Amino acid sequence: VSMCQIFISAFITGASQTMIPIVSLLLGERDYTGVKYTFRKAFSLLTVSSLVILGIVEVFPGTISTLYGIRTSEDLSMAVSALRITSLLFPAMAYAFLGLYYFMCTGKKKASTMISIVNGVVLIIPACMILGRLFGIMGIWVALVVAQVGTMFFAILCAFWIKARSGGMYKNLYLLEEDAVVERAAFSVDLSQMTTSELREDIRAVSDGK
């Protein structure tokens, strides 16, 4: 069960980390439209992939268990239950790690560090101690889910807190210092957010060298 979790976790964290160099480059160029687009794409990818993985594990826990060498009926029964419980953490884990790495590459190092500490220490240890004592080994599996869901909500709260403390510097939860001049200089264009007249105006400005 642990090996299966490690394998899937590596995929989720890898997909989140792929965003870092792209966002860092776009931030260096002050291309905030590109940063938003990259984040939304990463969010969509992780949403779809984590839900697909969740569905596969929920439907085929026995097959997955046998791939890791579990054969006896007693061990197989426990592994199936554990996989079905712990698979519920994958979407929350995806969003928690996405938030952690996004904060990291946008310069919110304190928030990123706090998310990491909450995920690896603050939530998981008490949850394992309490739920393990109450429900035994199955309580440990539930504790893993509780820790990831809690970390996800903590990351969301961090975003709201930073925005609230910015004094109006950040207009949304992307936490970017945006202004009209910067957006005019952006290399990426979010066509879905522009009217036809605005698009024509921007094309005309570029053609005129403005």
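Since this is a predicted model, take the numbers as computed values, not measurements.

So, how was this worked out
- Residues numbered from 1 in each chain as written.
- Predicted model: local features only at pLDDT ≥ 70, side-chain atom pairs only at ≥ 80, totals over all residues.
- Heavy atoms only, no water.
- Phe/Tyr/Trp six-rings, centres within 6.5 Å; stacked < 30°, edge-to-face > 60°.
- Helix = DSSP H or I, 4+ residues; strand = E, 2+ residues; numbered from the N terminus.
- Buried < 20%, exposed > 50% of the residue type's maximum accessible area, 1.4 Å probe, protein only.
- Contact = heavy atoms within 4.5 Å.
- Core = buried A, V, L, I, M, F, W, Y, C linked by side-chain atoms within 4.5 Å.
- Axes fitted to C-alpha atoms, helices over the stretch in contact; angles between N-to-C directions.
- Parallel < 35°, antiparallel > 145°, perpendicular 65-115°, else oblique.
- Left-handed = near helix turned anticlockwise from the far one by under 90°.
- Nonpolar A, V, L, I, M, F, W, Y, C, P; charged D, E, K, R; others polar.
- Expected span 1.5 Å × (residues − 1).

A. Expanded view of the packing of aromatic side chains. Tallied over the full model, the rule gives 5 aromatic pairs. Their ring planes at 85° and their centres at 5.9 Å tell us that Phe 39 and Tyr 174 sit as a pair that is edge-to-face. Residue Phe 39 is located in helix 3 (residues 32-59), and its partner Tyr 174 is located in the loop between helix 9 (137-165) and helix 10 (180-185); the two are separated by 135 residues in the primary sequence. As far as the burial class goes, Phe 39 and Tyr 174 line up, both buried. Put simply, the rings of Phe 39, Phe 43, Tyr 95, Tyr 102 and Tyr 174 pair up and form one aromatic cluster.

B. Just the environment of Leu 173, in detail. Assignment of secondary structure puts Leu 173 in the loop between helix 9 and helix 10. A residue is classified by how much of its surface remains accessible, and Leu 173, at 38% relative accessible area, is partly exposed. Sequence separation between Leu 173 and Phe 160 is 13 residues; the distance between their C-alpha atoms is 6.8 Å. Not counting chain neighbours up to four residues away, the residues in contact with Leu 173 comprise Ala 159, Phe 160 and Lys 163.

C. View of the nonpolar core. Counting 38 residues, the largest nonpolar core has Met 19 and Phe 103 as the members making the most contacts within it. Looking at this core, the elements that each hand over two or more residues are helix 1 (2-17), helix 2 (19-28), helix 3, helix 6 (90-105), helix 7 (109-122) and helix 9. Considering each element in turn, this core owes the most residues, 10 residues, to helix 6. Other than its neighbours up to four places away in sequence, Phe 103 contacts Lys 108, Lys 109, Ala 111, Ser 112, Ile 115, Ala 155, Cys 158, Ala 159, Ile 162 and Leu 175.

D. Main features of the packing of helix 8 (residues 124-135) against helix 9. Taken N-terminus to C-terminus, the directions of helix 8 and helix 9 make an angle of 150°; their axes are 7 Å apart at the nearest point. If you check the angle between helix 8 and helix 9, you find them roughly antiparallel. Here helix 8 and helix 9 pass one another in a crossing that is right-handed. Taken together, the residues of helix 9 that come into contact with helix 8 (itself represented by Ile 124, Ala 127, Cys 128, Leu 131, Gly 132 and Phe 135) are Ile 137, Met 138, Gly 139, Ile 140, Val 142, Ala 143, Leu 144, Val 146 and Ala 147. Tallied by class, residues from the contact of helix 8 with helix 9 come to 13 nonpolar, 2 polar and no charged.

E. Spotlight on helix 5 (residues 73-86). An ideal rise of 1.5 Å per residue puts 20 Å on 14 residues; helix 5 measures up with 20 Å between its terminal C-alpha atoms. What helix 5 keeps buried is the set Ala 79, Val 80, Ala 82, Leu 83 and Thr 86.

F. Structural context of unusual backbone geometry. Even without being a glycine, Leu 175 presents a positive backbone phi close to 60°. Within the secondary structure layout, Leu 175 lies in the loop between helix 9 and helix 10. According to the relative accessible area criterion, Leu 175 is buried, its value standing at 2%.

Limitation: the analysis is restricted to geometry and does not speak to function.
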